[in-house]
Amino acid sequence: MKKSVWFVWIMVSFIALNTACSSKVTGDFETKEKTQKHLDDVINVAFPIFDSVPKDMPEVEAALNQITERKIHAKVKLLPINFGIWIQKTNLMLTSDEDLDLLVVAGSSNYNDLVEKEQLLPIDGILQKYGRDILNSMDLAYLNACKIHGQIYGVPSIRDLAADYGITMRKDLLDKYHLNIRNIHTLDDVEFLLKTIHAKEPDIAPIMPAAISFVDTYFQSTFDPLGDSIGVLPNFDNQLIVVDLYETPEYAAFLNRIRKWYTSGFVLKDAATTKESRYNLVNGNRVFSYTAYMKPGYQEQETRSSGLPMIAVNLTKPVATTSNVTNFLWSIPRKSRSPKKTMEFLNLMYSDKNIVNLLDWGIEGKDFVKLSDHVIDYPPGVSPTNVGYNLDEAWLFGNEFLSYVFNGDNENIWNQLKDFNRTAYKSKALGFTFDPSSVKTEETAVANIISQYKPGLETGTLDPANKLPEFISKIKAAGIDKIIKEKQTQLDAWAAAKQAK
């Protein structure tokens, strides 16, 4: 897409953290640095992109290296990889002889998996020594949420580290039918709105989920998924008692509501299978609204992405879970031949405004022009369709709060995001990461069944009256109870260790 820290807290905490850090890890790292100094001049950085590699990427890399050579005496090699092959490609890079020093780890389960495979370096020690700007800009609660087995293997970008949920709607249709968004507070209010749109615009689907699930894009506001939603924590507390989401009455009631919407013609008919983006569907006059998890600035973001004025209404309060924080992390592979230089570069991504904006927006005067000290726009004759560099990933590259604000967005957006993160309710299990290795067979079997039923059930396409019992029966036979028992055991141990500190 931060600079919201309590410096004293971080310093006190990391004195203890650094003391606890393994001396063997520190020694191995320092030995590696001494024996491979000749390789310190290049830092290989892998990160995901949504589209093809921008044509101005070489210029961005060259401009970046002008800064890094002066500041840390190292060059950076940018390795953009399409999201569609991200996991496959990075897994290959981690297990081959290909040089890799810094990469994005996407998703809590992938993070845990790479840690358990010992492919990521525990960075507590070098973070303390060479990542001071990261520490000074990071909220301690969110940084600690990245710990696995008491050590940090990745740091989150400073972005929205919590989520609230709501509905995003086309402003033109709201205006056309004089619909007052101040009356929208609950799902009942949403339902009334959908009924109105359906009556007025029968050829337009009133709603769809931003992804293939209304649960993921709204109902998840009622529970901590504890990583994979196979065993969840209701109300982000529940006295740390893990339950089977799919057997809860709340889940059944929500599916019944969504099924009612679907049979009433409110939901996009192919919501469970469509490959088209919500932006294309909205812009193509096929959909009026969608549910999604949100953040400050979401309305402006969706307006820009869809090409139509959009109105976003929040229906829930912001909550932070481990999944929110560890959704995107910057990690150093154990195979990195220059961890010190890599951490020094990562530190610059959280402190150097020029580096952040190069990675976010490209070359000033060519890819963007400044309208003020912190507001930018496209140069004359340049647009989103022909700009040479437009990753649209300011949330990824280190400290988003150092990024310029694009013209049309709220100029106060970073202060709003700071408050959003600071005031978000933090799940009682914030910092817990489930290790499924002991129940891997069961988890794979259950996950496969979930993938079969989830799109249909959670878009209203399938009737929960008969399909939900069938679904529950199958995941029970596949071993979901064993997974939940193991997750409870690990959560109890995590809570006890936290209490003992």
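Parameters at a glance
Residues numbered from 1 in each chain as written. Predicted model: local features only at pLDDT ≥ 70, side-chain atom pairs only at ≥ 80, totals over all residues. Heavy atoms only, no water. Helix = DSSP H or I, 4+ residues; strand = E, 2+ residues; numbered from the N terminus. Rg over C-alpha atoms; globule rule 2.2 N^0.38 Å. Buried < 20%, exposed > 50% of the residue type's maximum accessible area, 1.4 Å probe, protein only. Areas by Shrake-Rupley, 256 points an atom, 1.4 Å probe, with all protein chains shown as cover. Lys, Arg positive; Asp, Glu negative; His and termini not counted. Charge placed at Lys NZ, Arg CZ, Asp CG, Glu CD. Pairing = 2+ DSSP bridges. Axes fitted to C-alpha atoms, helices over the stretch in contact; angles between N-to-C directions. Parallel < 35°, antiparallel > 145°, perpendicular 65-115°, else oblique. Contact = heavy atoms within 4.5 Å. Nonpolar A, V, L, I, M, F, W, Y, C, P; charged D, E, K, R; others polar. Core = buried A, V, L, I, M, F, W, Y, C linked by side-chain atoms within 4.5 Å. Phe/Tyr/Trp six-rings, centres within 6.5 Å; stacked < 30°, edge-to-face > 60°. Polar contact = N/O pair within 3.5 Å; in protein donor to acceptor, adjacent residues only side chain to side chain. Arc of directions from axis to C-beta. Expected span 1.5 Å × (residues − 1).

Topic: the overall build of the chain
The helix and strand inventory of the chain stands at 21 helices and 18 strands. Its C-alpha atoms give the chain a radius of gyration of 23 Å, near enough to 23 Å, the size a compact globule of 501 residues would have. Across its three principal directions, the C-alpha atoms of the chain cover 70 × 60 × 40 Å. Each of the 501 residues in the chain was classed as buried or not, and the buried ones make up 57%. Working note: accessible area of the chain is about 21,400 Å², and carbon and sulfur atoms make up 53% of it. The average position of the 55 basic charges and that of the 62 acidic charges among the side chains of the chain differ by 2 Å.

Let's talk about unusual backbone geometry
With phi around 50°, Asn-238 is a residue other than glycine that occupies positive phi space. Within the element layout of this structure, Asn-238 appears in the loop between strand S10 (233–234) and helix H12 (249–263). For Asn-285, which is not a glycine, the phi torsion comes out positive at approximately 65°. If you trace the backbone, Asn-285 turns up in the loop between helix H13 (278–283) and strand S11 (287–294).

Considerations on the pairing of strand S12 (residues 310–314)
Where burial is concerned, most of S12 is hidden: four out of the five residues are buried. Two elements, strand S7 (residues 164–170) and S12, share five bridges in a ladder whose sense is antiparallel. Bridge assignment links Gly-166 to a residue of S12, and that residue is Asn-314.

Brief notes about the packing of helix H10 (residues 187–200) against H12
Close contact between H10 and H12 brings their axes to 12 Å; oriented N to C, the two are set at 10°. One way to sum up the angle between H10 and H12 is to call them roughly parallel. Contacts between H10 and H12 involve Leu-187, Asp-188, Val-190, Glu-191 and Leu-194 from the first element and Phe-254, Arg-257, Lys-260 and Trp-261 from the second. Residue composition of the contact of H10 with H12, grouped by class: five nonpolar, no polar and four charged.

Here we look at the nonpolar core
Of all hydrophobic cores here, the largest spans 77 residues; its most connected members are Phe-47, Val-155 and Trp-330. When neighbours within four sequence positions are excluded, Phe-47 is seen to be in contact with Met-57, Leu-78, Leu-79, Pro-80, Ile-81, Trp-86, Val-104, Trp-330, Leu-391, Leu-396 and Phe-397. Counting 74 residues, the second largest nonpolar core, distinct from the first, contains Ala-163, Phe-219, Leu-268 and Ile-472.

Some words on the packing of aromatic side chains
Under the defined criterion, the tally for this structure stands at 19 aromatic pairs. With a centroid separation of 6.4 Å and 80° between ring planes, the pair formed by Phe-83 and Phe-328 is classed as edge-to-face. In this pair, Phe-83 is assigned in the loop between strand S2 (75–82) and helix H4 (86–95) and Phe-328 in strand S14 (residues 328–331), connecting sequence segments 245 residues apart. When its relative accessible area of 26% is taken as the criterion, Phe-83 is described as partly exposed. Here the aromatic rings of Trp-361 and Phe-406 are separated by 5.5 Å at their centres, their planes lie at 35°, and the arrangement is tilted.

A few points about the environment of Tyr-389
Locating Tyr-389 in the fold gives a position in the loop between strand S16 (375–377) and strand S17 (405–406). Take Tyr-389: its relative accessible area is 2%, and that puts it in the buried class. With 21 residues separating them along the chain, Tyr-389 and Phe-368 place their C-alpha atoms 9.1 Å apart. A polar contact of 2.6 Å, which involves the side chain of Tyr-389, links it to the backbone oxygen of Leu-359.

Looking at the sheet that holds S17
Judged by pairing direction, the sheet is mixed, and its three strands sit side by side in the order S15-S16-S17 without closing on themselves. Among the strands making up the open sheet, the edge pair consists of strand S15 (369–370) and S17. Across two bridges, S15 lies against S16 in antiparallel orientation. Note on S16: the bridge partner recorded for Lys-370 is Ile-376.

Considerations on helix H18 (residues 413–423)
Taken together, the buried positions of H18 are Ile-413, Trp-414, Leu-417, Phe-420 and Asn-421. Around the axis of H18, the buried residues are gathered within 115° of arc, so they sit on the same side.

A few points about the pairing of strand S3 (residues 102–106)
Summarising burial for S3: five of the five residues are buried, a large majority. Residues Leu-102, Val-104 and Ala-106 point to one face of S3 and Leu-103 and Val-105 to the other, with burial holding for every one of them. Of the strand pairs in this sheet, strand S1 (residues 42–49) and S3 are connected by two bridges, and their pairing is parallel. Note on S3: the bridge partner recorded for Ala-46 is Leu-103. As paired strands, S3 and S14 are joined by four bridges and run antiparallel to one another. The residue of S14 that forms the bridge with Ala-106 is Phe-328.

Brief notes about H12
Between the first and last C-alpha of H12 there are 21 Å, a value that for 15 residues agrees with the 21 Å anticipated at 1.5 Å per step. Residues of H12 that are buried include every one of Tyr-251, Phe-254, Leu-255, Ile-258, Trp-261 and Tyr-262, and no others. Across the axial projection of H12, the buried residues extend over an arc of 115°, all falling on one side. Set apart from the buried face of H12 by more than 90 degrees, the exposed residues are Pro-249 and Thr-263. Against the buried residues of H12 lie H10, strand S8 (205–209), helix H11 (214–217), helix H19 (440–457) and helix H20 (464–478). Downstream of H12 by one or two residues, Gly-265 has phi in the positive range, about 85°.

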